Amino acid sequence: SRRCPIVAERFCPTPWCWGGRLQTLVRVFIKSSLSITYRNELIRTGDGGQLSLDWVDNSNSAEHPQTSTRPTVLFLPGLTGNSRQTYVLRAVQQATRHGYRCVVMNNRGFGGEELLTPLTFCAADTSDVETVVNHVKKLYPQAPLLGAGVSLGGMLLLNYLARKGQDSKMIAALTLSVCWDSFESSISLEQPINKLLFNRHLTRNLCSAINRHRKILGKVIDVDYVLKARTIREFDERFTSVMFGYKSCADYYRDASPGCKLQKTAVPVLCLNAADDPFSPKHAFPVSLAQRLPNVALLVTAHGGHIGFLEGLFPNGDGYMDRLLGQFVHAAFEHLEDLREACSIKDQVTQ
């Protein structure tokens, strides 16, 4: 924690925004005035599709003037997110402030690009992450790479790290508000108030994305049936599990949940979760597993909601999550040995 002092700090939520649901909701309405200019790149995938990457090259970096060795942060956004999300813009600003290069992987169909093949994305399919990591490492083989994933992006990142083990080509990773167990998350999101506040809205966003690409997706899926989904679980039953060849939604959820795969990861990983996250119930956090693993630190705050972590009276500046990312990324790129040591001798960090 010497290199990342924030982990020892007590997170104090915005006084008028205490509960997890409120933190989650208010964060959505706080718009960022950050103007970040991305350089967009479209890359082809093995199945003939394309991925939209948004780069901030940070060519004027005083700390890392050499392009070939400038450390790079790969950001994986949430379920219906892309590089324009406030939490992504803030994270990119934190990393560029330290002199690093950033690249955001937009989920297929959500980066403004056309779908060239009838295939989207899911938390269990790490092939797009692998494509992007290989692409970035081919461009900059000498530049260290760190992964940062939010919500579904964090699930993808952990599943990728578990699948690749020592061959992940990353030096470290950070996850924010990961859903550790897809079954438990869907149960939590189906509680009446969560259904009303979050589930329907997210499902509508997913359905409108499917509708936007219905011409190509209609070749492999019954689009009208999918559009009648009212919850994420119904959407996953009708679309995601079918699209990715699972026998059932339960099979997909089992495969997507990163909580039981942590022991297969090999690099230092810091995972931030709030105990009052309506998307990720605390009883599903892999606390005892993380305690046993020398490379994983689980940071649990009492409050913060889902990708919320709003603090201060007017929470429109850098929040707890943004500061954590800034410190962790800097510690990983500049003091990796200290970070490895801190992970292995950690006691369970809870606040």
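The rules behind each value
- Residues numbered from 1 in each chain as written.
- Predicted model: local features only at pLDDT ≥ 70, side-chain atom pairs only at ≥ 80, totals over all residues.
- Heavy atoms only, no water.
- Helix = DSSP H or I, 4+ residues; strand = E, 2+ residues; numbered from the N terminus.
- Rg over C-alpha atoms; globule rule 2.2 N^0.38 Å.
- Buried < 20%, exposed > 50% of the residue type's maximum accessible area, 1.4 Å probe, protein only.
- Contact = heavy atoms within 4.5 Å.
- Areas by Shrake-Rupley, 256 points an atom, 1.4 Å probe, with all protein chains shown as cover.
- Lys, Arg positive; Asp, Glu negative; His and termini not counted.
- Charge placed at Lys NZ, Arg CZ, Asp CG, Glu CD.
- Salt bridge = Lys/Arg side-chain N within 4 Å of Asp/Glu carboxyl O.
- UniProt positions renumbered as here; feature names shortened; annotations may be inferred.

(A) Spotlight on the overall build of the protein. Broken down by element type, the protein carries 13 helices and nine strands. Relative to a compact globule of 351 residues, whose C-alpha radius of gyration would be 20 Å, the protein shows 19 Å and is just as compact. Principal-axis analysis of the C-alpha atoms places the extent of the protein at approximately 55 × 45 × 40 Å. In the protein, buried positions account for 60% of the 351 residues. In the protein, the share of contacts with a sequence separation of at least 24, taken over all contacts with a separation of at least 6, comes to 77%. Surface summary for the protein: the accessible area is close to 14700 Å², and the carbon and sulfur share equals 53%. Positive and negative side-chain charges in the protein, numbering 39 and 32 respectively, have mean positions lying 3 Å apart.

(B) Fine view of unusual backbone geometry. One non-glycine residue, serine 151, adopts positive backbone phi at about 55 degrees. Looking at the element boundaries, serine 151 is found in the loop between strand S5 (145-150) and helix H4 (152-164). Exposure remark for serine 151: the relative accessible area of 8% places this residue in the buried category. In this structure, serine 177 is a non-glycine residue whose phi angle is positive, near 55 degrees. Counting through the fold element by element, serine 177 comes out in the loop between strand S6 (172-176) and helix H5 (182-189).

(C) Molecular detail of the pattern of salt bridges. In the structure shown here, the tally under the stated rule is 10 salt bridges. The salt bridge partner of lysine 164 is glutamate 130, with a shortest N-O separation of 2.9 Å. Note that lysine 164 is positioned in helix H4 and glutamate 130 in helix H3 (residues 127-139), a separation of 34 residues in sequence. Exposure remark for lysine 164: the relative accessible area of 24% places this residue in the partly exposed category.

(D) Examining the UniProt feature "active site" (unreviewed entry) in the protein more closely. When the UniProt feature table is mapped onto this chain, "active site" (unreviewed entry) is found at Ser151, Asp277 and His306. Maximum C-alpha separation among the annotated residues is 10.9 Å over a sequence range of 156 residues, consistent with a single clustered spot. If near-sequence neighbours (up to four positions away) are discounted, serine 151 is found in contact with Gly78, Leu176, Ser177, Val178, His306 and Ile307. In this structure, aspartate 277 sits in the loop between strand S7 (269-274) and helix H11 (287-292). Among residues more than four places away in sequence, those in contact with aspartate 277 are Ser177, Gly305 and His306.

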